[in-house]
Amino acid sequence: MNLSAMIHLLPAQLAATGFQAPPIEDYLRILPELVLSIFGMIVMVVDPLLDEDRHHKPLGAVALIGALAALGSTLAMAHHPGTAFSGMVRVDGFAVFFHVLVIAITAVVILSSYEYMAVQRIRAGEYYGLILFCTVGMCLMSSAVELVLIFIALEISSISTYVLAGFRRKDAASSESSLKYFLLGSFATAFFLYGVALMFGATGSTNITTIRESLSAGRHDLLPYVAVALMFIGLGFKVASAPFHVWTPDVYEGAPAPIVGLMSTGPKAAAFAVLLRVLIETKAPGWFWLIWISAALSMTLGNLGALVQNNVKRLLAYSSIAHAGYLLAAFAANRDFGTSPAMFYTAAYAAMNVGAFAVVSHFANAGEKYVTLEDYAGLGRRSPVLAATFTFFLMSLIGIPITGGFFAKFYVLNATLKSGLVGLALILVLNSAVGAYYYLRIIVMMYMREPRADVPVTAVPPAAALAIAICVIATLYLGVFPGRVLNFTTQSANQFVEGVVTPVTSMPAQ
Amino acid sequence: MNIASLNPIILSLVTFIPAIGGILLLLIPRRDRDIKVFAFVISLLAFVVSLHLPVHMHRDATTFKFEIDKVWITTPNIHYHMGIDGISVWLVVLTTFLTPLCVLISWNSIHERVKEFFILLLLLETALIGVFTSLDLFLFYFFWEATLIPMALLIGMYGHGRKVYAAVKYFLFTMIGSMFMLAAILWLYAKTGSFDFVVIQSAIRGGSIPGFASAAQWLFLGFFVAFAVKVPLFPLHTWLPDAHVEAPTAGSVLLAGVLLKMGTYGLLRFNVSLFPEQARRNAPWIMVLALIGIIYGALVALVQPNMKKLIAYSSVSHLGFVVLGIFSFTTAGLNGAVFVMLAHGVATGGLFMLAGILYERRHTYEISEFGGLATPMPKYATFFLVTVLASVGLPLMNGFIGEFLVLSGAFQARPIYGILAATGVIWSAGYLLWLYQRVFFGKVTHAVNNSLPDLNLREKVALVPIAVAALVMGVAPLVWLAAIDPAVQAAAKVVGQ
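What you are looking at is a predicted structure, and each value in this text was computed from that prediction instead of being measured.

Colleague: Looking at this structure, how should I read the overall build of chain A?
Modeller: A count of helical and extended segments in chain A gives 23 helices and two strands. Whereas a compact globule of 510 residues would reach a radius of gyration of roughly 24 Å, chain A reaches 22 Å, a difference of no more than 12%. Here the C-alpha coordinates of chain A stretch approximately 75 × 60 × 40 Å along the principal axes. In chain A, of all internal contacts separated by at least 6 residues, the share reaching a separation of at least 24 is 81%.

Colleague: Sorry if this is basic, but what is going on with the overall build of chain B here?
Modeller: Scanning chain B from terminus to terminus reveals 20 helices and two strands. Against the 2.2 N^0.38 benchmark of 23 Å for 497 residues, chain B shows a C-alpha radius of gyration of 22 Å, consistent with a compact globule. Along the longest, intermediate and shortest principal axes, the C-alpha atoms of chain B span 70 × 55 × 45 Å. Considering chain B as a whole, with its 497 residues, one finds that 60% of them fall into the buried category. Restricting the contact set of chain B to residue pairs at least 6 apart, pairs at least 24 apart contribute 81%.

Colleague: Hey, could you run me through helix H2 (residues 32-50) of chain B in this one?
Modeller: Every α-helical turn comprises 3.6 residues, leaving residues that sit three or four positions apart pointing alike. Residues and elements named next belong to chain B. When the terminal C-alpha atoms of H2 are compared, their 27 Å separation across 19 residues agrees well with the 27 Å that a helix rising 1.5 Å per residue should span. Looking only at H2, the buried set comprises Ile-35, Lys-36, Ala-39, Ile-42, Ser-43, Ala-46, Phe-47 and Ser-50. Buried residues in H2, looked at end-on, bunch into an arc of 140°, giving them a common side. More than 90 degrees from the buried face of H2, the exposed residues found are Arg-33 and Val-48. For H2, the elements touching its buried residues are helix H1 (7-27), helix H3 (52-55), helix H4 (86-105) and helix H5 (114-133).

Colleague: When you look at the interface of chain B and chain A in this model, what are you seeing that I'm missing?
Modeller: Put simply, an interface is often sized by how much accessible area is lost when its parts join up. Taken residue by residue, the interface counts 25 residues in chain B and 22 residues in chain A. Every element with two or more residues in the side of chain B that touches chain A is listed here: helix H6 (137-146), helix H7 (148-158) and helix H8 (163-192) of chain B. Sort the elements by how many residues they give to the side of chain B that touches chain A and H8 of chain B lands first, with 14 residues. Looking at the side of chain B that touches chain A, its residues break down into 20 nonpolar, three polar and two charged.

Colleague: Before we go on, may I ask you to explain the nonpolar core in this structure?
Modeller: Considering soluble globular proteins, one finds that nonpolar side chains tend to be buried as a cluster. Counting residues in each nonpolar core, the largest one holds 398 residues, and the members touching the most others are Ala-63 and Ile-131 of chain A together with Leu-324 of chain B. The residues touching Ile-131 of chain A, leaving out its near neighbours within four places in the chain, are Ala-63, Thr-106, Val-109, Ile-110, Leu-164 and Leu-262 of chain A.

Colleague: Teacher, can you tell me more about helix H5 (residues 93-113) of chain A here?
Modeller: Relative to the 30 Å expected for 21 residues at 1.5 Å per residue, H5 of chain A spans 30 Å between its end C-alpha atoms, a close match to the ideal helical length. Counting buried positions along H5 of chain A yields 21 of 21 residues, so the element is predominantly enclosed.

Colleague: Sorry if this is basic, but what is going on with the packing of H5 of chain A against helix H7 (residues 124-143) of chain A here?
Modeller: What describes two packed helices is the angle between their axes and the distance between those same axes. All names here are of chain A. Contact geometry of H5 with H7 gives a least axis separation of 8 Å together with a crossing angle of 165°. In terms of axis orientation, H5 runs roughly antiparallel to H7. H5 and H7 meet at a crossing whose hand is right-handed. Contacts from Ala-95, Phe-98, His-99, Val-102, Ile-103, Thr-106, Val-109 and Ile-110 in H5 reach Tyr-128, Ile-131, Thr-135, Met-138, Cys-139, Ser-142 and Ser-143 in H7. For the contact of H5 with H7, the class distribution of residues is ten nonpolar, five polar and no charged.

Colleague: What should I look at first to understand the environment of Ala-78 of chain A in this one?
Modeller: All names here are of chain A. Residue placement: Ala-78 occurs in helix H4 (residues 56-78). Overall, the presence of 24 C-beta atoms within 10 Å leaves Ala-78 in the buried class. In this structure the C-alpha to C-alpha distance between Ala-78 and Val-91, which are 13 residues apart in sequence, comes to 7.2 Å.

Colleague: How should the packing of helix H9 (residues 172-203) of chain A against helix H11 (residues 222-238) of chain A be read in this particular structure?
Modeller: Residues and elements named next belong to chain A. For the pair H9 and H11, the least separation of the axes is 7 Å and the interaxial angle reads 155°. Considered as vectors, H9 and H11 are oriented roughly antiparallel to each other. The chirality of how H9 crosses H11 is left-handed. Classifying every residue of the contact of H9 with H11 by side-chain character gives 18 nonpolar, five polar and no charged.

Colleague: Looking at this model, I keep getting lost on the environment of Ser-177 of chain A. Mind explaining?
Modeller: All names here are of chain A. Relative to the helices and strands, Ser-177 is located in helix H9. Through-space distance from the C-alpha of Ser-177 to that of Tyr-162 is 8.5 Å; in sequence the pair is 15 residues apart. When residues no more than four places from it in sequence are discounted, the contact partners of Ser-177 are Ala-165, Gly-166, Asp-250, Val-251, Glu-253, Gly-254 and Ala-255.

Colleague: Mind showing me how you'd approach unusual backbone geometry here?
Modeller: Excluding glycine, residues mostly carry a negative phi; peptide bonds, for their part, are mostly trans. Along the chain, Ala-242 of chain A connects to Pro-243 of chain A via a cis peptide bond; the corresponding omega equals 5°. Along the polypeptide, Pro-243 of chain A turns up in the loop between H11 and helix H12 (248-254). For the bond running from Val-231 of chain B to Pro-232 of chain B, omega is -10°, close enough to zero to count as cis. Assignment of secondary structure puts Pro-232 of chain B in the loop between helix H10 (212-230) and helix H11 (239-246). One non-glycine residue, Ser-86 of chain A, adopts positive backbone phi at about 50°. Of note in this structure, Phe-66 of chain B is not a glycine but carries a positive phi near 55°. Inspection of the secondary structure assignment puts Phe-66 of chain B in strand S1 (residues 65-73). On the basis of neighbour count, Phe-66 of chain B is assigned to the buried category, with 23 C-beta atoms found within 10 Å.

Colleague: So what exactly am I meant to see when it comes to the confidence of the model for chain A here?
Modeller: As a general rule, the predicted coordinates of low-pLDDT regions are not to be interpreted in detail. Mean pLDDT for chain A: 86, with 96% of residues reaching 70 or above. Ignoring residues within four places in sequence, the model shows residues 501-510 of chain A, a span with pLDDT below 50, making 27 contacts including any to other chains.

Colleague: It is not clear to me how the environment of Ile-468 of chain A should be interpreted in this structure. Could you clarify?
Modeller: All names here are of chain A. Relative to the helices and strands, Ile-468 is located in helix H22 (residues 462-480). For Ile-468 and Met-199, which are 269 residues apart along the polypeptide, the C-alpha to C-alpha distance reads 43 Å. Each residue touching Ile-468, except ones within four places of it in the same chain, is listed here: Gly-355, Ala-358, Val-359 and Thr-389.

Rules of the game
- Residues numbered from 1 in each chain as written.
- Chains lettered and ligands numbered in written order.
- Predicted model: local features only at pLDDT ≥ 70, side-chain atom pairs only at ≥ 80, totals over all residues.
- Helix = DSSP H or I, 4+ residues; strand = E, 2+ residues; numbered from the N terminus.
- Rg over C-alpha atoms; globule rule 2.2 N^0.38 Å.
- Contact = placed C-beta atoms within 7 Å.
- Buried ≥ 20, exposed ≤ 12 C-beta atoms within 10 Å, placed from the backbone.
- Expected span 1.5 Å × (residues − 1).
- Arc of directions from axis to C-beta.
- Nonpolar A, V, L, I, M, F, W, Y, C, P; charged D, E, K, R; others polar.
- Core = buried A, V, L, I, M, F, W, Y, C linked by C-beta atoms within 7 Å.
- Axes fitted to C-alpha atoms, helices over the stretch in contact; angles between N-to-C directions.
- Parallel < 35°, antiparallel > 145°, perpendicular 65-115°, else oblique.
- Left-handed = near helix turned anticlockwise from the far one by under 90°.
- pLDDT = per-residue confidence, 0-100.

Here's what the structure looks like:
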């Protein structure tokens with residue numbers, strides 16, 4: 001039988017085995033992922049056709065269009081809630097929220113890389129391609145309800161970020177960052193996979209819904225506990241929570257600044273989404289103290305570590321560990337109260353941290369030379385607008401009112417107190433006070449020290465300015481009118497905790 | 001337009017006029033003169049508009065006036081709820097009264113980053129007014145925290161000497177203190193489902209909050225720590241001298257004049273009104289701390305070689321009177337406490353302005369650098385004398401009325417408190433009059449001081465309102481007390497033994 005005959009016979013053979021092609025709605029439910037993948041490939045195809053010295057901006061534009069198209073296609077996805085591909089993917093309010101969030105992060109990161117790439121002389125083809133593929137992984141992580149698919153999505157996003165971390169090839173720190181991230185990351189994902197295997201052993205399934213039914217039906221032996229612990233190790237690494245946080249400062253220091261903005265928010269948000277799926281939605285046993293201890297440790301170690309940093313990127317790395325701790329505190333709260341604040345927190349943290357790193361990316365200049373605290377001396381005098389926006393992001397990270405960071409922390413604190421976790425709330429409050437100090441150091445540096453003549457301050461180019469402006473507006477919006485986003489997260493968190501899928505009525509305004 | 005139709009929006013207007021002015025200031029080109037004139041006009045406008053409040057306020061009942069209550073955020077249940085009573089109305093007016101004077105006094109002393117300075121000053125004014133007008137606990141916390149950044153930046157950017165140290169210390173002290181208040185506010189919200197002051201107050205009085213009895217002491221302390229740092233109550237006062245000495249003049253004026261009152265206002269509004277039982281139970285040691293503050297502040301002020309530090313410690317002493325008056329729970333004591341808040345705002349604000357004027361000319365606050373200034377600067381010496389006498393509490397000046405009422409209240413509560421506090425009055429006469437003698441009397445000790453110019457027109461314009469207010473408040477205190485008394489009576493009834 002020749003080849004063409006075989007191909008013609010294929011549909012009939014498949015039908016004979018009981019295979020049915022998935023309905024068209026299934027493809028709509030992964031439309032953002034499809035759009036992102038297609039644009040990722042377009043970037044890769046177009047890259048060799050362009051002159052290497054001038055390819056940065058066209059490729060950036062293609063990537064940006066891809067991200068915006070994907071953002072638009074979440075609308076199609078939101079209108080088709082339900083499961084797809086034999087129950088491997090589920091579109092609910094939760095998935096839509098995280099899709100919008102990660103894709104928005106990606107779009108802003110692409111904007112903040114737009115001029116940065118040319119300044120740093122980094123090859124843009126693979127860079128933008130990988131960012132888009134990474135986003136595919138992150139999106140899929142939030143909508144996958146099948147542990148194996150979750151694992152694959154996790155790997156897609158992780159492997160892209162491993163490579164992205166090493167993109168400042170001429171700098172040894174960047175290579176170190178990439179290698180370290182890769183080795184430790186693969187080790188951690190192995191733990192996750194092992195946890196998946198044990199969960200399969202305990203419940204006979206890798207589907208979240210089936211696991212949930214199985215776990216709530218029977219009594220628990222040791223196996224699901226171990227599975228939960230192992231999966232938590234894998235995910236704890238991804239969200240940089242203590243005691244799996246040691247890689248964070250080194251990796252963040254070496255990686256390109258816009259990528260740190262991405263890494264510290266996007267994959268983190270996606271990993272938190274997975275954490276919510278595998279812990280809360282499955283009603284898995286035995287995670288309470290794991291989360292409690294990890295939250296307390298992350299807050300404390302992150303903040304104490306940040307106190308002594310002189311490199312702004314390292315400082316923000318430790319701060320991101322601390323923020324992972326605040327977020328985990330919401331997880332430790334009662335599931336009915338905690339899920340919505342956790343979702344809100346990821347959004348608020350994304351807005352302020354991407355913004356902060358957009359400022360750092362611009363200020364670092366060629367070769368990322370200017371990243372120490374001393375370099376920021378007198379920035380308030382030399383570039384009032386840049387300093388003011390950075391101050392605004394730092395205020396949000398501290399948790400001062402009228403910023404998104406304030407409400408994020410506020411909701412988490414509220415959830416922990418409502419659940420009666422007074423101890424954890426107290427740790428959170430004390431840590432916020434410690435945290436205020438090191439963010440303040442940067443503000444003090446910028447406004448209260450004499451400017452340094454040897455640090456060049458260049459005008460902010462348009463795309464970076466737009467990226468920063470978007471982050472300012474998002475942070476301000478979440479800080480003044482948090483109601484709409486919070487209503488959306490509460491609504492989808494309720495569905496999610498109940499495990500029902502109903503149409504999503506309103507879109508988040510991220 | 002009918003003036004009564006203003007009533008529902010008047011508080012929002014008063015609160016946000018300065019902030020809107022500050023934002024508009026962003027758009028004005030960097031010509032220093034235009035910026036200063038604009039800032040002055042805006043702050044003056046806020047003052048004029050705020051006068052609507054005492055003029056049109058009904059003084060009979062004890063409910064909140066000019067209320068506005070709109071839903072801001074549905075989950076959590078946060079309202080844009082504002083309203084004032086006889087206590088807060090004067091604090092609002094005090095804020096709007098001092099700010100234009102601050103603009104005038106900063107006219108020549110701020111040379112660079114002028115635009116930022118006045119923007120920060122106007123934003124600070126909005127936050128301060130907001131603290132006194134908010135009736136939603138969340139909104140209150142919001143404004144409370146919002147005062148932090150502009151003030152810290154004013155100290156850190158425009159101060160002198162160890163300004164960064166002072167700014168960071170101020171920031172951290174207040175921030176850590178208010179964290180405890182936030183935790184207490186959240187506890188109340190978690191149990192009542194509301195941030196509304198009136199709702200929470202009636203829920204507590206109705207005894208409908210589960211677990212309140214066991215938590216009340218902690219809630220009381222949570223609020224207390226935040227306010228005690230701001231007052232500042234001994235031993236949490238250590239940030240104050242640093243902040244005052246290094247702050248620019250306008251910063252010191254608002255810091256002493258208004259920011260400290262946020263603390264005493266909070267004690268009165270929240271600690272006493274929400275937790276009367278705990279307030280009674282904790283009153284003994286709080287009054288002891290207040291007494292220590294009065295006497296310790298006065299003694300330290302006595303030995304200060306630095307004029308500004310002396311005034312700063314005198315604030316510790318005076319604010320001790322306020323706390324003593326509040327926790328005496330007598331009508332006289334409470335009336336006096338509120339009156340001292342206002343009188344201290346005017347008199348100490350004035351002293352800081354005067355110290356700033358001298359600093360502009362000589363660039364030092366050291367008392368030993370001066371002497372015999374009455375000869376080259378007679379007008380300045382006169383204004384200084386009026387302000388000093390007001391601060392000392394000479395009868396017919398505003399300081400006297402408040403301190404007298406506080407002392408009589410404290411005496412009613414427990415005679416020994418009244419006797420000890422009365423020594424504070426003597427001390428304050430001591431350090432202030434001695435300061436006056438060293439700076440103004442005798443022969444000119446330093447040749448440079450011979451050629452110091454006397455007050456110019458702008459400085460006189462800034463100082464006359466202070467002197468007039470100090471006198472009028474002393475001669476006709478009933479204008480103020482008529483509004484304060486009903487509000488204070490209500491508080492006293494709740495907490496009275």
